[in-house]
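Each chain is listed here by its residues.
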Amino acid sequence: MKYSANLTALNTADAVLVAIFEDSELSETAKKFDTQGEITALLKCGEISGKIGESTLLRQGTQRILLVGAGKPGEITVRQFKQIVQKAFQVIKTTASKNMVNALTDVQIKDRDLYWNVRFAIETFEAERYVFDEFKSQKADQLKLENIVFPIDNAETQRAIQHANAVALGIKLARDVANCPPNICNPKYLAEQAKTLEKRTALVKTTVLGEKEMAELGMHAYLGVSQGSKNEAQISIMEYCNHPNPDAKPIVLVGKGLTFDAGGISLKPAAEMDEMKYDMCGAASVYGVMNALAELQLPLNVIGVLAGCENLPDGNAYRPGDILTTMNGLTVEVLNTDAEGRLVLCDTLTYVERFEPECVIDIATLTGACVVALGQHNSGLVSTDDALADTLFQASQQTQDKAWRLPLSEEYQEQLKSPFADLANIGGRWGGAITAGAFLSNFTKKYPWAHLDIAGTAWLQGANKGATGRPVSLLTQFLINQC
Ligand code: BES
Ligand code: MN
Ligand code: ZN
């Protein structure tokens, strides 16, 4: 889909998306198309009244005018705005329209400016038109719509279009790798995706570490998880260098990349186990963000790390009771082989010390407990650095890719005591999302650190089953805000 800004398109486009406010109030664009009183007539006969969720299609000469209910002006929330855009898209895609003007720029979203109106519209159109049919014999119908034009051309809309295009690309790519089945998307596949970034931009160098390199580095927690799988663990390191000062400290993003998590010897129940192909959504989001960054060419140094691995039961798998020595020297007693994400991440978090990071953010489908705590709308945010946590929270509010901070105080470390090793890999029944974060914090002392637990937000279940691409929007915004 091509997005642009141009006022004159209003007269030439074959479709125009127009807001009607509650109590039958015409938006500015609706007034322009009401010269003969045809829209007023529709309102009079009750065809549409302006409530959110309503829509009606009207023909004027060669143009389709899609009227959508837009609620009370100035009062609608971002969520409601997205619902309006979704509704409009569902209607317009059933028509033969190729070029549409989106005059929902007339809609004032509560506490938001034109930039966010345009950005949310594009992100929503792109999310709605997403299909993953690579493995279907019968492909989805080709969308006829090719161009969406915003009828206001200024620096604000141009910037919003540029940012939204980059974020939408990142989200799409994250969704694609995440939805890919685990017999194809294995750690090697993740590394191959990481390498494709070099083709997109000369600003990125990608290196891949295999198990041999990991053994030399002493990453025995990571390797312990991987030893039950025939697929080799691989860590991909994508270094994006575009800061005016090439020696500027990098922002490091680390993504959990369990391409399948069966739980290992502490095997998961069969129901919904297929969803554990999504245990690499942290890595998928980092990959998406790096692509968005390459698109935006932000003046930053950013390193994206995909921690690829597979957790399976096997004759050679690691066991409950095993004691593993991590890369930073701490020993860990494995009490549950299903708490593998923290074992893979702890060594990766030690590994990235060598980049002397400005800050490190890890993104992981780490705990079911996080979903119990926050549900499926907010990602969990755990951090040892208030300033970093605040900046991430702010980006989450801006993008509405929501995150909520959980406390991380020293008491939680008590739950991770082991009689035999420096740490246990689980912290008991209570506060599981926090004790997982507390575990990781033992490996992040050399830099400001934050952790996003996306177990509840990375994919949807049920009728709309599939990866969401979260938190690509949040993280890309975080990077935009650094500039
Ligand atoms: N990948 C899972 C977490 C998960 C579970 C994400 C369900 C989304 C939905 C993780 O590796 C895991 O298994 N965590 C365990 C930890 C427990 C053994 C302390 C969990 O949450 O049950
Ligand atoms: Mn697990
Ligand atoms: Zn896992």
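Residues numbered from 1 in each chain as written. Chains lettered and ligands numbered in written order. Predicted model: local features only at pLDDT ≥ 70, side-chain atom pairs only at ≥ 80, totals over all residues. Heavy atoms only, no water.

1. What about the coordination of the manganese ion (ligand 2)?
To be explicit about the condition: Coordination partners: N, O, S within 2.8 Å of the metal, 3.2 Å for Na, K and Ca; water not considered, so apparent gaps in a site are possible. Here a site with four donors is tetrahedral if all angles are between 85 and 135 degrees, and a site with four or six donors is square planar or octahedral if opposite donors are over 155 degrees apart and the other angles are between 65 and 115; anything else gets the irregular label. Exposure categories follow from relative accessible area, calculated using a 1.4 Å probe and restricted to protein chains: below 20% of the type maximum is buried, above 50% is exposed, and the middle band is partly exposed.
Protein ligation of the manganese ion (ligand 2) involves Asp-261 (OD), Asp-338 (O), Asp-338 (OD) and Glu-340 (OE), the donor distances falling in the range 2.0 to 2.2 Å. For the manganese ion (ligand 2), the six donor atoms in the first shell make angles of 70 to 165° at the metal, a pattern classed as irregular. All donor residues of the manganese ion (ligand 2) come from one chain, and their arrangement in sequence is D-x76-D-x1-E. A residue is classified by how much of its surface remains accessible, and Asp-261, at 2% relative accessible area, is buried.

2. Regarding the side chain of Thr-367
How we decide: The helix and strand labels rest on DSSP assignments: H or I over at least four residues marks a helix, E over at least two residues marks a strand, and numbering proceeds from the N terminus. Pairs of N or O atoms are called polar contacts if they sit within 3.5 Å, as long as, within protein, a hydrogen donor faces a hydrogen acceptor (for residues adjacent in sequence, only side-chain-to-side-chain pairs).
In this fold, Thr-367 is placed in the loop between strand 14 (359-364) and helix 12 (368-374). A polar contact is formed between the side chain of Thr-367 and the side chain of Asp-453, at a distance of 2.8 Å.

3. Description of helix 11 (residues 341-351)
Among the eleven residues in helix 11, eleven count as buried, and that is most of the element. Buried within helix 11 are the following residues: Gly-341, Arg-342, Leu-343, Val-344, Leu-345, Cys-346, Asp-347, Thr-348, Leu-349, Thr-350 and Tyr-351.

4. Quick word on the UniProt feature "binding site: Mn(2+) 1" (unreviewed entry) in the protein chain
To keep it simple, the criterion reads: UniProt positions are given in the numbering used here, feature names are shortened, and annotations may be inferred rather than shown by experiment. Whether two residues are in contact is decided by their heavy atoms: any pair within 4.5 Å suffices.
Per the UniProt record, "binding site: Mn(2+) 1" (unreviewed entry) is found at Asp-261, Asp-338 and Glu-340. The annotated residues occupy 80 residues of the chain but converge on a single region, no pair of C-alpha atoms lying more than 8.4 Å apart. Tracing the backbone through its elements, the reader meets Asp-338 in the loop between strand 13 (331-333) and helix 11. Look at Asp-338 and you get partly exposed, because its relative accessible area is 21%. Here Asp-338 is in contact with Asp-261, Gly-263, Ser-266, Lys-268 and Asn-311, once residues within four sequence places are set aside. Mapped onto the fold, Glu-340 is located in the loop between strand 13 and helix 11.

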